[in-house]
2 protein chains.
Amino acid sequence: MNVSTNSNPRSMNLEDIAARAGVSRSTVSRVINNEPYVSEKTRERVLAIIEQEGFIPNPAARALVTQHTQVIGVVIPRTPTVVFEDAFYFPTLLQGVSAATHQRDYAMLLWLGQAGEDDERLYRQIERNRLMDGLIIASAPSNDPLISHFLNTSLPFVLVERPGHDYDRISYVSIDNLNASLELVTHLINLGRRRIATVTGDLTIPDGRDRLDGYKRALQIAGLPVDERLIVEGNFSQRSGYEGTQALLQQKIDAIVASSDITARGVLQALHEAEIRVPEDVAVVGFDDLPTAAQVIPPLTTVHQPIEERGRLAAGLLIDLVEGKLEGPQQILLPTELVIRQSCGAALS
Amino acid sequence: MNVSTNSNPRSMNLEDIAARAGVSRSTVSRVINNEPYVSEKTRERVLAIIEQEGFIPNPAARALVTQHTQVIGVVIPRTPTVVFEDAFYFPTLLQGVSAATHQRDYAMLLWLGQAGEDDERLYRQIERNRLMDGLIIASAPSNDPLISHFLNTSLPFVLVERPGHDYDRISYVSIDNLNASLELVTHLINLGRRRIATVTGDLTIPDGRDRLDGYKRALQIAGLPVDERLIVEGNFSQRSGYEGTQALLQQKIDAIVASSDITARGVLQALHEAEIRVPEDVAVVGFDDLPTAAQVIPPLTTVHQPIEERGRLAAGLLIDLVEGKLEGPQQILLPTELVIRQSCGAALS
DNA sequence: GTTCAATCTGGGAGCGCTCCCAGATATGAT
DNA sequence: ATCATATCTGGGAGCGCTCCCAGATTGAAC
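Keep in mind that what you see is a predicted model, and the values were worked out from it rather than measured. (Residues numbered from 1 in each chain as written. Chains lettered and ligands numbered in written order. Predicted model: local features only at pLDDT ≥ 70, side-chain atom pairs only at ≥ 80, totals over all residues. Heavy atoms only, no water.)

Participant: Break down the pattern of salt bridges for me, citing the residues and quoting the values.
Facilitator: Taken as a whole and judged by the stated rule, the model has 29 salt bridges over all chains. Between Arg341 of chain A and Asp289 of chain A there is a salt bridge, with the nearest N and O atoms lying 3.0 Å from each other. Here Arg341 of chain A is found in the segment after strand S12 (337–339), whereas its partner Asp289 of chain A is found in the loop between strand S9 (283–285) and strand S10 (302–304), with 52 residues between them in sequence. A relative accessible area of 13% means that Asp289 of chain A is categorised as buried. For Asp320 of chain B, the salt bridge identified is with Arg104 of chain B, shortest N-O distance 2.9 Å. Note that Asp320 of chain B is positioned in helix H13 (residues 307–322) and Arg104 of chain B in the loop between helix H6 (89–103) and strand S2 (107–112), a separation of 216 residues in sequence. Here Arg104 of chain B falls in the partly exposed class, since its relative accessible area comes to 24%. (Salt bridge = Lys/Arg side-chain N within 4 Å of Asp/Glu carboxyl O. Helix = DSSP H or I, 4+ residues; strand = E, 2+ residues; numbered from the N terminus. Buried < 20%, exposed > 50% of the residue type's maximum accessible area, 1.4 Å probe, protein only.)

Below you can see the structure in the form of structure tokens.
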């Protein structure tokens with residue numbers, strides 16, 4: 001009946017190409033996979049026909065036998081805050097991951113956490129998806145379920161933050177938060193600041209804790225006291241910077257170290273409202289070097305971190321693990337760069 | 001030799017589950033795919049074993065026979081400008097796409113254009129990737145090669161902008177730029193503005209052209225002249241807003257319609273430098289309602305568009321097309337909303 | 001000429017599913 | 001009891017590849 005109206009013609013396969021080239025399936029496979037033991041003449045003939053027919057091998061069939069898909073996954077749980085408070089980090093990171101995956105001929109599967117919604121369902125979907133050769137997990141804090149799950153699996157994964165646990169069993173790419181923070185605070189000390197306060201990040205996250213540790217270490221090295229009254233716990237948000245600063249103004253201070261540029265925004269806002277001059281009365285420094293850091297008033301002294309490279313390295317590392325070019329847990333800490341602008345008062349001296 | 005050191009144990013398959021349940025491969029398959037003709041008792045027994053073993057069917061094997069992967073792709077070419085000038089649109093759109101794909105149990109393959117790099121290589125990778133059931137193409141302007149390619153293919157695809165050509169053969173989800181712009185300009189006219197200028201967007205992009213057409217239409221409806229000297233061609237960038245405004249200041253004007261909130265930022269900057277009061281001397285309106293629109297001074301009157309919903313609908317539509325629930329090209333125009341703040345001078349009257 | 005290794009080529013087996021068809025069993029009408 | 005029908009169940013075939021092994025061909029060495 002519908003012989004002539006076959007609307008969805010079967011696409012070509014190896015056998016079809018083989019027939020047209022007058023060779024066998026196996027030979028075509030060898031040509032496609034660039035294997036040896038094919039005469040130059042045959043190879044060229046086959047390649048010509050592949051080109052001419054626009055033939056592309058079926059990835060599902062290939063994956064079925066090789067157990068590799070050439071696909072890696074990227075999970076970004078609980079994005080809402082990321083998206084709305086800092087719409088820079090996440091796209092930039094993806095850009096880096098994307099660059100590396102494409103360069104190595106992989107594709108990238110993206111999993112985004114949904115606003116408000118519990119990540120439970122997402123995690124189940126990710127765990128059930130056996131299409132990936134490996135996984136990049138962004139934003140480490142409370143994604144323990146994912147990490148624990150994949151620790152019990154043979155699926156390679158890489159974090160782009162330092163994990164909160166199992167440090168030595170997990171591969172990750174991060175920045176040297178502690179030393180960056182140490183350098184930043186030392187810079188303030190060198191400028192003559194002595195009563196240096198801080199609004200920390202989320203201390204359940206290694207990033208937050210490490211930055212605080214760097215702050216303390218810098219004071220200790222300089223022989224300055226670590227005064228707990230000058231340390232207010234925040235959570236990287238602008239709001240925590242604003243409220244933290246209001247609390248800090250009870251004390252006599254001459255500098256505030258914000259845990260992030262977003263937090264610094266809140267700090268500046270609170271200082272402005274209290275009619276305190278920056279940097280004359282109080283110096284302010286941030287962390288991250290978001291594009292807006294140069295645009296606030298006064299321009300923010302901060303720590304630049306290579307976000308895109310972080311993504312690129314994480315993807316490269318993951319693919320190396322997948323392909324067996326590297327073994328076991330690998331940890332990479334990227335260097336950061338102190339960016340001196342006006343908010344620290346460097347121009348004053 | 002290495003019998004006991006088999007490091008990568010073959011994971012379970014249907015046959016294994018079947019053996020444990022004392023049934024056949026086929027019955028397990030029926031249970032997994034929720035097909036009828038399985039007795040309730042058998043179904044429960046099989047489900048229990050699947051649960052207990054944590055069995056997940058091999059997607060590659062499944063895809064090989066069904067010709068469906070439950071994966072859709074999203075292409076965002078030439079992201080650099082998007083990322084750096086407007087880091088909001090793109091993540092929000094992805095969030096919407098992601099929400100819809102996850103809800104319908106699909107996964108999302110993401111393809112990002114690389115900074116500076118030619119998109120040629122990316123396009124080849126996308127075209128060669130036969131893992132996707134369908135494709136969402138963001139940012140329509142110059143991606144003709146992709147669109148033309150997939151028009152000749154049976155792969156369903158959906159744009160999230162209005163295409164520059166083949167309108168009626170292509171499925172897309174966009175907003176009603178023309179009427180939104182018309183409403184916006186009419187609002188200015190109702191406020192008494194008479195010399196209304198505009199800095200357009202990229203006129204090679206339908207979005208840009210439609211917004212300009214809405215501007216003209218509004219003037220015509222009000223019986224006002226369309227003065228070409230009051231129309232400066234821009235490209236959605238802040239810079240074009242800045243330079244366009246400087247050019248417009250040669251004319252006598254009382255309002256500027258910016259093609260986007262980003263452009264409006266440049267417009268405000270130029271007016272500020274020229275010491276022209278907004279909205280007293282010149283009213284300014286934008287388009288897009290970025291989060292920053294409410295934060296500039298004065299807060300920007302603009303057009304709110306449902307970006308996340310755009311992504312969600314595009315993905316939903318694509319999956320409907322993939323699954324055959326909908327036919328052929330489908331076009332959706334989403335409604336927008338006029339957001340009146342201070343920059344239009346509404347509060348003055 | 002023969003012999004041997006290196007180089008090339010083809011086809012069977014199998015990856016883990018779905019689909020189809022044949023056969024078994026239960027259910028109800030006669 | 002008999003038969004027709006609806007409900008279940010099992011196994012073969014096949015999706016399009018890769019991998020392995022056996023056989024064919026070549027070329028160099030003797």
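Past the structure itself, the notes keep going.
Participant: An account of the side chain of Arg211 of chain B is needed here, citing residue identities and associated values.
Facilitator: Residues and elements named next belong to chain B. Mapping Arg211 onto the fold places it in helix H10 (residues 206–221). Residue Arg211 is classed as buried on the basis of its relative accessible area of 8%. Excluding its chain neighbours within four sequence positions, the residues that come into contact with Arg211 are Ile175, Asn177, Ser181, Phe236, Ser259, Ser260, Phe287, Asp288 and Gln305. (Contact = heavy atoms within 4.5 Å.)

Participant: So, the protein's contact with DNA strand D: which residues are in play, and what are the values?
Facilitator: By nearness alone, 29 residues border DNA strand D, and Leu14, Arg25 and Ser29 of chain A together with Ser26 and Arg30 of chain B come closest of all. Sugar plus phosphate: this is where 57% of the atoms of DNA strand D within 4 Å of the protein reside. Within the side chain of Arg30 of chain B, an N or O atom sits 2.5 Å from a base oxygen of DNA strand D. Elements that contribute at least two residues to the surface near DNA strand D include exactly helix H2 (25–32) and helix H4 (59–66) of chain A together with helix H2 (25–32) and helix H4 (59–66) of chain B. Considering every element that reaches the surface near DNA strand D, the biggest residue donor is H4 of chain A, with five residues. Among the residues forming the surface near DNA strand D, the class breakdown is eleven nonpolar, twelve polar and six charged. (Near = heavy atom within 4 Å. Polar contact = N/O pair within 3.5 Å; in protein donor to acceptor, adjacent residues only side chain to side chain. Nonpolar A, V, L, I, M, F, W, Y, C, P; charged D, E, K, R; others polar.)

Participant: Explain the relation of the copies chain B and chain A residue by residue, including any values.
Facilitator: Rotating chain B by 180 degrees and translating it 0.1 Å along the rotation axis places it on chain A, where the RMSD comes to 0.1 Å. Accordingly, the operation relating the two chain copies is best matched by a two-fold axis. Interface overlap between copies: 98% of the residues of chain B at the interface are likewise at the interface in chain A, consistent with a symmetric, same-surface contact. (Least-squares fit on C-alpha atoms with pLDDT ≥ 70 in both.)

Participant: Provide a residue-level description of the interface of chain B and chain A, including the pertinent values.
Facilitator: Counting residues at the interface gives 43 residues for chain B and 44 residues for chain A. Buried area between chain B and chain A, summed over both chains or domains, comes out near 3900 Å², and the portion from carbon and sulfur atoms is 59%. If you sort the residues of chain B by the area they bury against chain A, Ile56, His102 and Arg130 of chain B come out on top, with a joint share of 17%. At the junction of chain B with chain A, the criterion picks out zero salt bridges. (Buried area = accessible area lost by both parts, 1.4 Å probe.)

Participant: I'd like to hear about the environment of Pro299 of chain A, residue by residue, with values.
Facilitator: All names here are of chain A. Its location among the elements puts Pro299 in the loop between S9 and S10. Separated by 43 residues in the primary sequence, Pro299 and Gln342 place their C-alpha atoms 5.4 Å from one another. With sequence-adjacent residues up to four places away left out, Pro299 is seen in contact with Ala293, Ala294, Arg341, Gln342 and Ser343.

Participant: Give a description of the confidence of the model for chain A that names residues and reports values.
Facilitator: Residues of chain A with pLDDT of at least 70 account for 92%, and the chain-wide mean is 89. Across residues 1–7 of chain A, where pLDDT falls below 50, the model places zero contacts with residues more than four positions away in sequence or in other chains. (pLDDT = per-residue confidence, 0-100.)

Participant: How would you explain the nonpolar core if you had to name every residue and give the values?
Facilitator: Counting residues in each nonpolar core, the largest one holds 142 residues, and the members touching the most others are Leu94 of chain A together with Leu94 of chain B. Leaving out residues up to four positions away in the same chain, Leu94 of chain B has contacts with Leu94, Leu110 and Leu112 of chain A together with Val74, Ile76, Met108 and Leu110 of chain B. Membership of the second largest hydrophobic core comes to 42 residues, among which are Val71 and Tyr123 of chain A together with Leu146 and Ile147 of chain B. (Core = buried A, V, L, I, M, F, W, Y, C linked by side-chain atoms within 4.5 Å.)

Participant: Quick rundown of the side chain of Asp288 of chain A? Include the residues and the values.
Facilitator: Residues and elements named next belong to chain A. Here Asp288 is to be found in the loop between S9 and S10. Judged by its relative accessible area of 11%, Asp288 is buried. Here the side chain of Asp288 touches Gln305 through a polar contact of 2.9 Å, side chain to side chain.

Participant: Account for the sheet that holds S9 of chain A, with residues named and values stated.
Facilitator: All names here are of chain A. Here we have four strands laid out as an open sheet, ordered S7-S6-S8-S9, and parallel in their pairing. Lying at the two open borders of the sheet, with one neighbouring strand each, are strand S7 (231–232) and S9. Pairing of strand S6 (residues 196–199) with S7 involves two bridges; the strand directions are parallel. Bridged to Thr198 within S7 is Ile231. Where helix H11 (residues 238–248) meets the sheet, its contacts fall on S6, S7 and strand S8 (255–258), and the angle it forms with S6 comes to roughly 145 degrees. (Pairing = 2+ DSSP bridges. Axes fitted to C-alpha atoms, helices over the stretch in contact; angles between N-to-C directions.)

Participant: Give me the lowdown on the domain arrangement of chain A, citing residues and values where you can.
Facilitator: In terms of domain boundaries, chain A breaks down into domain 1 (14–66), domain 2 (71–175 + 309–335) and domain 3 (177–305 + 338–344). On a C-alpha basis, the centroid separation for the pair domain 1 of chain A and domain 2 of chain A is 35 Å. (Domains from an automatic or database assignment.)

Participant: Describe the protein's contact with DNA strand C, listing the residues and the values that go with them.
Facilitator: Near DNA strand C lie 30 residues; those nearest to it are Ser26, Arg30 and Thr42 of chain A together with Arg25 and Ser29 of chain B. Sugar and phosphate atoms constitute 58% of the interface atoms of DNA strand C, taking the interface as everything within 4 Å of the protein. Interatomic distance of 2.7 Å between a side-chain N/O atom of Thr42 of chain A and a phosphate oxygen of DNA strand C. Elements with a minimum of two residues in the surface near DNA strand C: H2 and H4 of chain A together with H2 and H4 of chain B. Per-element accounting of the surface near DNA strand C gives the leading share, five residues, to H4 of chain B.

Participant: Report on the pairing of strand S1 (residues 71–76) of chain B, specifying residues and quantitative values.
Facilitator: Residue and element names in this part refer to chain B. Of all six residues that make up S1, six are buried, and the element is covered over most of its length. Of the pairings in the sheet, the one linking S1 to S2 comprises six bridges and is parallel in character. Directly across from Val71, in S2, lies its bridge partner Ala107. Pairing between S1 and strand S3 (residues 134–137): four bridges, direction parallel. When the sheet's bridge partners are listed, Ile72 is paired in S3 with Gly134.

Participant: Outline the packing of helix H1 (residues 14–21) of chain A against helix H3 (residues 40–53) of chain A, supporting the account with residue identities and numerical values.
Facilitator: All names here are of chain A. Their axes nearest at 9 Å, the elements H1 and H3 cross at an angle of 120 degrees. The orientation of H1 relative to H3 falls into the category oblique. Considering the relative orientation of H1 and H3, their crossing is right-handed. Contacts from Ile17, Arg20 and Ala21 in H1 reach Arg45, Val46, Ile49, Ile50 and Glu53 in H3. (Parallel < 35°, antiparallel > 145°, perpendicular 65-115°, else oblique. Left-handed = near helix turned anticlockwise from the far one by under 90°.)

Participant: Pulling in residues and values, what's your account of the sheet that holds strand S9 (residues 283–285) of chain B?
Facilitator: Remark on secondary structure: sheet strands pair via backbone hydrogen bonds, oriented parallel or antiparallel. Residue and element names in this part refer to chain B. In spatial order, the strands read S7-S6-S8-S9; together these four strands make up an open sheet with parallel pairing. Looking at which strands have only one partner, the edges of the open sheet turn out to be strand S7 (231–232) and S9. On the sheet, helix H11 (residues 238–248) packs against strand S6 (196–199), S7 and strand S8 (255–258) and is oriented at approximately 145 degrees with respect to S6.

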